[in-house]
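Here are the chains, one letter per residue:
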Amino acid sequence: MPMLLPPFDQDTPLFRGNLHGHTVHSDGEKTSMEVMNFYQDLGYDFIALSDHLWDDVSFASTTINDTRDLDRDDFVTIPSAELHCLGKRYDQDGLWHLVANGLPLDFKMANRDETVTQMISRAREAGAYVSIAHPEWYAMTTDEAIMASSAHAVEVFNYSATIESGRGLGIGTADILLHEGKRISFTATDDAHFRSQDAGGGWIMVGSDDLTSSSLVDAIKDGRHYSSTGAEIHALLMEGDALHVSCSPANHIIVSGIGYAALSAQGQNMTYADFDLSSFASPYFRITVIGKNGQTAWSNPYWLDQLR
Ligand SMILES: [Zn+2]
Ligand SMILES: [Zn+2]
């Protein structure tokens, strides 16, 4: 039987949103309302105003930004924060950065002794979807990635780190964790501060039952989303060992697995590709779609033992 892979197995359209961004509540330049209006004008359905939660007032706040009053029928905010704790190498302040989406508003910042593992557990137990933010931006080591691998996800694309620091990717870190057997998902985000034109460059598309914060968080915890900088994945269909990918016009459609395992289709403005996975020796695969101007979409990893 042909099987559509999540989130493409539902009839309703996917919701578009940004999971990582900042306002004047911490070190962003715009108010929560201004940020919300900006994204709604761009056609987004939801955002997370993940202001920094830490006691250094130069960039952070000790409280979570309460954005519930901004929610409307057709646009919602997810209570969120960028969590910090001590112990990160290669960061001038020695701070870890983890994005937590779906936090209770009374969630407390880390104390001086809390480790990154403890902080991730605490955020997960509070109900949040936790992602390793911008690993490339602050030179996350492999040991550190493994230390933080109880997070749900790795940010594989961070727009502001890409355009302001020249190091906004995270796919290498994500791949290491997949090789370690960690069943992580991916996110693409803006991490917008509105200091530059750093909004609208990276987002996720979520297959959620409805447009509420709790349904969206449940869906991303289930991996019912894909990440994008402009390319679209329209469907992923498995039939036996055959994988059918349909997408926005692309010049490269790639299936990646462990080690150097990869299959690819190359062409001009392809809107689909078929792959035979019968001799694809990898416990998981993930899809990358690249358009002619470099715009990219990343599927989450699919583990074969969960598909069959
Ligand atoms: Zn950060
Ligand atoms: Zn941030």
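Since this is a predicted model, take the numbers as computed values, not measurements.

Digging into the coordination of the zinc ion (ligand 2)
In the first shell of the zinc ion (ligand 2), the protein supplies His20 (NE2), His22 (NE2), Glu82 (OE) and Asp191 (OD), at 2.1 to 2.2 Å from the metal. Each of the four donor atoms around the zinc ion (ligand 2) contributes to a set of angles spanning 82 to 167 degrees, which defines the coordination as irregular. Each donor residue of the zinc ion (ligand 2) belongs to the same chain, with the gaps between them written as H-x1-H-x59-E-x108-D. Between the two metal centres, the zinc ion (ligand 2) and the zinc ion (ligand 1), the spacing is 3.6 Å, with glutamate 82 acting as a shared donor. In this pair, histidine 20 is assigned in the loop between β2 (15-18) and α1 (32-41) and aspartate 191 in the loop between β10 (185-189) and β11 (203-206), connecting sequence segments 171 residues apart. In this pair, the class of histidine 20 matches that of aspartate 191, namely buried.

A few points about a negative patch on the surface
Taken together, the side chains of Asp209, Asp210, Asp218 and Asp222 make up a negatively charged region of the molecular surface. Structurally, aspartate 210 can be placed in the loop between β11 and α6 (213-221).

Some details on the sheet that holds strand β9 (residues 153-158)
Across the sheet, six strands lie side by side as β4-β6-β7-β8-β9-β10; this open sheet has mixed pairing. Of all the strands in the sheet, just β4 (52-53) and β10 have a single pairing partner and so form its edges. Together, β6 (80-83), β7 (98-101) and β8 (129-132) form the strand contacts of helix α2 (residues 116-125), whose direction differs from that of β7 by roughly 10 degrees.

Remarks on empty space enclosed by the protein
Taken as a whole and judged by the stated rule, the model has one cavity of 30 Å³ or more. Of the pockets and cavities examined, the largest cavity occupies roughly 30 Å³. Lining the largest cavity are Asn18, Gly21, His22, Val35, Tyr39, Ile47, Ala48, Leu49, Ala192 and Phe194. Counting residues per element, the ones that place at least two in the lining of the largest cavity are α1 and β3 (46-48). For the lining of the largest cavity, the per-class residue count stands at seven nonpolar, three polar and no charged.

A look at the packing of aromatic side chains
The tally for this structure, following the rule as stated, stands at eleven aromatic pairs. On the numbers, 5.7 Å between centres and 35 degrees between planes, the contact of phenylalanine 285 with tyrosine 302 is tilted. A residue pair is termed long-range when its members are at least 10 positions apart, and phenylalanine 285 in strand β16 (residues 284-290) and tyrosine 302 in strand β18 (residues 302-303) qualify at 17 residues. Take tyrosine 302: its relative accessible area is 6%, and that puts it in the buried class. Site record: aromatic cluster; members linked through ring pairs are Phe38, Tyr39, Tyr44, Phe194 and Trp203. The cationic tip of arginine 16 hangs over the ring face of tryptophan 203; the distance from NZ or CZ to the ring centre is 3.9 Å. Over the ring of tyrosine 138 we find lysine 88; its NZ or CZ atom is 4.4 Å from the centre of that ring.

Observations concerning the domain arrangement of the protein chain
Domain boundaries assigned for the protein chain yield domain 1 (3-228) and domain 2 (233-307). Domain 1 and domain 2 are separated by 25 Å when their C-alpha centres are compared. Of the roughly 2000 Å² buried at the junction of domain 1 and domain 2 (both faces included), carbon and sulfur atoms supply 59%. The largest per-residue losses of area from domain 1 upon contact with domain 2 belong to Met3, Leu5 and Arg183, which jointly make up 32% of the total buried on that side. Linking domain 1 with domain 2 are two salt bridges, by the criterion used here. Of all the secondary structure elements, the ones that give two or more residues to the side of domain 1 that touches domain 2 are β1 (3-4), β9, α5 (171-179), β10 and β12 (225-228). Of the residues assigned to the side of domain 1 that touches domain 2, the class counts are 14 nonpolar, seven polar and three charged.

Some points on the layout of surface pockets
Size it by volume and the largest pocket reaches roughly 340 Å³. Every residue lining the largest pocket is counted, 17 residues in all, and those nearest its centre are Asp222, Gly223, Pro301, Trp303 and Gln306. When residues of the lining of the largest pocket are traced back to their parent elements, those giving at least two are α6, β18 and α7 (304-307). Here the lining of the largest pocket is composed, by residue class, of eight nonpolar, five polar and four charged. Both domain 1 (3-228) and domain 2 (233-307) contribute no fewer than three residues apiece to the lining of the largest pocket. The volume enclosed by the second largest pocket comes to roughly 200 Å³. Residue lining of the second largest pocket: 13 residues in total, with Asp91, Gln92, Asp93, His97 and Trp137 positioned closest to the centre. Considering only residue class, the lining of the second largest pocket consists of five nonpolar, four polar and four charged.

Considering the pattern of salt bridges
Tallied over the full model, the rule gives eight salt bridges. Of the charged contacts in the structure, one is a salt bridge between aspartate 9 and arginine 224, with a shortest N-O distance of 3.0 Å. Of the two residues, aspartate 9 is situated in the loop between β1 and β2 and arginine 224 in the loop between α6 and β12; the sequence distance between them amounts to 215 residues. By relative accessible area, which is 39% here, aspartate 9 ends up partly exposed. Between glutamate 144 and lysine 88 there is a salt bridge, with the nearest N and O atoms lying 2.9 Å from each other. Of this pair, glutamate 144 sits in helix α3 (residues 142-147) while lysine 88 is found in the loop between β6 and β7, placing the two residues 56 residues apart along the sequence. No difference in accessibility class separates glutamate 144 from lysine 88, as the two residues are buried.

Rules of the game
- Residues numbered from 1 in each chain as written.
- Chains lettered and ligands numbered in written order.
- Predicted model: local features only at pLDDT ≥ 70, side-chain atom pairs only at ≥ 80, totals over all residues.
- Heavy atoms only, no water.
- Donors = N, O, S within 2.8 Å, 3.2 Å for Na, K, Ca; no water.
- Tetrahedral: all angles 85-135°; square planar, octahedral: opposite > 155°, others 65-115°.
- Helix = DSSP H or I, 4+ residues; strand = E, 2+ residues; numbered from the N terminus.
- Buried < 20%, exposed > 50% of the residue type's maximum accessible area, 1.4 Å probe, protein only.
- Patch = residues over 30% accessible without salt bridge, like charges linked within 9 Å, V, L, I, M, F, W, Y side chains within 5 Å.
- Areas by Shrake-Rupley, 256 points an atom, 1.4 Å probe, with all protein chains shown as cover.
- Salt bridge = Lys/Arg side-chain N within 4 Å of Asp/Glu carboxyl O.
- Lys, Arg positive; Asp, Glu negative; His and termini not counted.
- Charge placed at Lys NZ, Arg CZ, Asp CG, Glu CD.
- Pairing = 2+ DSSP bridges.
- Contact = heavy atoms within 4.5 Å.
- Axes fitted to C-alpha atoms, helices over the stretch in contact; angles between N-to-C directions.
- 1 Å grid on protein atoms, 1.4 Å probe; cavity = no way out; pocket = protein on both sides within 12 Å on 5 of 7 lines; lining within 4 Å.
- Points joined across faces, edges and corners; volume = space filled by probe spheres on them.
- Nonpolar A, V, L, I, M, F, W, Y, C, P; charged D, E, K, R; others polar.
- Phe/Tyr/Trp six-rings, centres within 6.5 Å; stacked < 30°, edge-to-face > 60°.
- Lys NZ or Arg CZ within 6 Å of the ring centre and 35° of its normal.
- Domains from an automatic or database assignment.
- Buried area = accessible area lost by both parts, 1.4 Å probe.

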